[in-house]
Amino acid sequence: MTEPCQQDIFSNLIDDLDSQGWSQRALFAPEILTRELASECRKRERSGELSAASVGRGSAQQVQEGIRGDRIQWLEPGESEACDRYMQLMDELRQTLNQELFLGLEDFECHFACYEPGAFYLRHLDRFRDDDRRTVSAVLYLNDNWQAEQGGALRLYLNDGREHDVLPQAGTLALFLSGEMPHEVLPATRERLSLTGWFRRRGTDVL
Ligand code: OGA
Ligand code: MN
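Okay, so let's go over this structure.

So, how was this worked out
Per chain, residues are indexed from 1 in the order of the written sequence. Chain labels run from A onward and ligand labels from 1 onward, assigned in the order the entries are written. Reporting in this predicted model follows two pLDDT cut-offs: at least 70 for local features of residues, and 80 or more for side-chain atom pairs to be given and counted; totals over whole chains, interfaces and linings ignore these cut-offs and use all residues. Side-chain measures were taken over the full set of non-hydrogen atoms in the model, leaving aside hydrogen atoms and water. Numbering goes from the N terminus for both helices and strands, where a helix is a DSSP run of H or I of at least four residues and a strand is a run of E of at least two. Taken over C-alpha atoms, the radius of gyration is set against a globule rule of 2.2 Å times the number of residues to the power 0.38. The classification of residues rests on relative accessible area computed with a 1.4 Å probe and restricted to protein chains. Under 20% of the type maximum is buried, over 50% is exposed, and intermediate values are partly exposed. When DSSP finds two or more bridges between two strands, those strands count as paired. Any two rings among Phe, Tyr and Trp, with Trp reduced to its six-membered ring, count as a pair given centres within 6.5 Å; such a pair is stacked if its planes are under 30 degrees apart, edge-to-face if over 60, and tilted if neither. Either the NZ atom of lysine or the CZ atom of arginine qualifies as a charge over a ring when it sits within 6 Å of the ring centre and within 35 degrees of the ring normal. Whether a residue is near a molecule or strand is decided by its heavy atoms; if any one of them lies within 4 Å of it, the residue is near. Polar contacts here mean pairs of N or O atoms no more than 3.5 Å apart (in protein, one a potential hydrogen donor and the other a potential acceptor; neighbouring residues in sequence count only if both atoms are side-chain atoms). All accessible areas in this document rest on Shrake-Rupley with a 1.4 Å probe, and a residue is counted as covered only by the protein chains that are shown. When residue character is reported, Ala, Val, Leu, Ile, Met, Phe, Trp, Tyr, Cys and Pro are called nonpolar, Asp, Glu, Lys and Arg charged, and the others, Gly included, polar. Any two residues whose heavy atoms approach within 4.5 Å are treated as being in contact. Because no water is among the atoms considered, metal sites can look incomplete, with donors defined as N, O and S atoms within 2.8 Å of the metal, or 3.2 Å for Na, K and Ca.

## Structural notes on the overall build of the chain
A tally of regular secondary structure across the chain gives three helices and eleven strands. In the chain, the order of α-helices and β-strands from amino to carboxyl end is α-β-α-β-β-α-β-β-β-β-β-β-β-β. The C-alpha radius of gyration of the chain comes to 16 Å, within 12% of the 17 Å expected for a compact globule of 207 residues. Dimensions of the chain along its principal axes, counting C-alpha atoms only, are 45 × 40 × 40 Å. In the chain, which comprises 207 residues, the share counted as buried stands at 48%.

## Quick look at the pairing of strand β6 (residues 134-141)
With eight of eight residues buried, β6 lies mostly within the body of the structure. For β6 and strand β11 (residues 192-201), the ladder comprises seven bridges, and the chain directions are antiparallel. Its bridge partner being in β11, V139 is matched across the sheet by T196. Note that β6 and strand β9 (residues 173-177) share five bridges and pair antiparallel. For L140, the partnering residue across the bridge sits in β9 and is L173.

## Quick look at the packing of aromatic side chains
Scanning the entire structure with this criterion turns up four aromatic pairs. On the numbers, 4.7 Å between centres and 40° between planes, the contact of F108 with F199 is tilted. Residue F108 is found in strand β4 (residues 105-115), and its partner F199 is found in strand β11; the two are separated by 91 residues along the sequence. Residue class for F199 comes out buried when judged on its relative accessible area of 0%. Taken together, the ring pairs connect Y86, F108 and F199 into an aromatic cluster. Note that R134 overlies the ring of W198, its terminal NZ or CZ placed 3.6 Å from the centroid. Taking NZ or CZ as reference, R192 lies 5.1 Å from the ring centre of Y115, over its face.

## Here we look at the site of ligand 1
In the vicinity of ligand 1 there are 13 residues, among which H124, D126, Y141, H183 and R192 approach most closely. In the model, an oxygen atom of ligand 1 is placed 3.2 Å from a nitrogen or oxygen of the D126 side chain. Coverage of ligand 1 by the protein amounts to 99% of the 290 Å² it exposes when considered alone. Mapped by element, the contributors of at least two residues to the shell around ligand 1 are β5 (121-124), β6, β10 (183-185) and β11. At four residues, β11 tops the list of elements feeding residues into the shell around ligand 1. Grouping the constituent residues of the shell around ligand 1 by class yields six nonpolar, four polar and three charged.

## Description of the side chain of Q150
Note that Q150 resides in the loop between β6 and β7 (154-157). Among the polar contacts made by the side chain of Q150, one reaches the side chain of R190 at a distance of 3.2 Å. If sequence neighbours within four positions are ignored, Q150 has contacts with N145, P187, A188, T189 and R190.

## A short note on the side chain of H111
One can find H111 in strand β4. H111 has contacts with R68, D70, I72, Q73, W74, L75, S194, L195, T196 and W198, leaving out every residue within four places of it along the chain.

## A closer look at the coordination of the manganese ion (ligand 2)
Tetrahedral metal sites with four donors have an ideal angle of 109.5 degrees; octahedral sites with six donors have ideal angles of 90 or 180 degrees. Around the manganese ion (ligand 2), the donor atoms from the protein are H124 (NE2), D126 (OD) and H183 (NE2), and they sit 2.1 Å away. In terms of primary sequence, the donors binding the manganese ion (ligand 2) are separated according to H-x1-D-x56-H. Separated by 57 residues along the polypeptide, D126 in the loop between β5 and β6 and H183 in strand β10 bring together distant segments of the chain. Note on accessibility: D126 and H183 belong to one class, buried.

Read these as layout, nothing more, since geometry by itself doesn't imply function.
This is the structure in structure tokens:
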């Protein structure tokens, strides 16, 4: 069997996102890139660069481990070759999303996230009350050999009342509509690493 090409992978993701509001794809990123991103995330965690994530925005921002217990670090361009390659890949996905679904996505922001065993993120939407720019959420997982019994799934609450769990297996990408898909991160028995990001539209408050 021939390897699916990047445009096929993008098309499948986008068709699912359009028809059901979410999509999941194993082996989204090339294996070597996923491995490099995982070791970059672990390196940053070891050197103390990740810090407790907060909830809310602006002056309302607070660390609340009873809501979310992950530690994060935002990516900036030019910090590492692997991170730049990932952002380039996501920029190509952004352009394809715009061509196919006319979403008008302007940029992509993302952070590494590390959940220690037992950490979780309660059910939420990825859109702030006062900022509706986040439009499509995209999470790439960085954990080898994840087993269902280790927990740590991303649980999506679908609008027909069903639930769908995505296991945080290395190379899997989860994509969903930020403002419409309630979701949560279940606690795991092992460390859980990811690269979580958002495609954003232009804000209505921007002149
Ligand atoms: C988030 C989030 C999902 C995941 O960071 O907002 O919902 O699977 N992450 O890590
Ligand atoms: Mn979220």
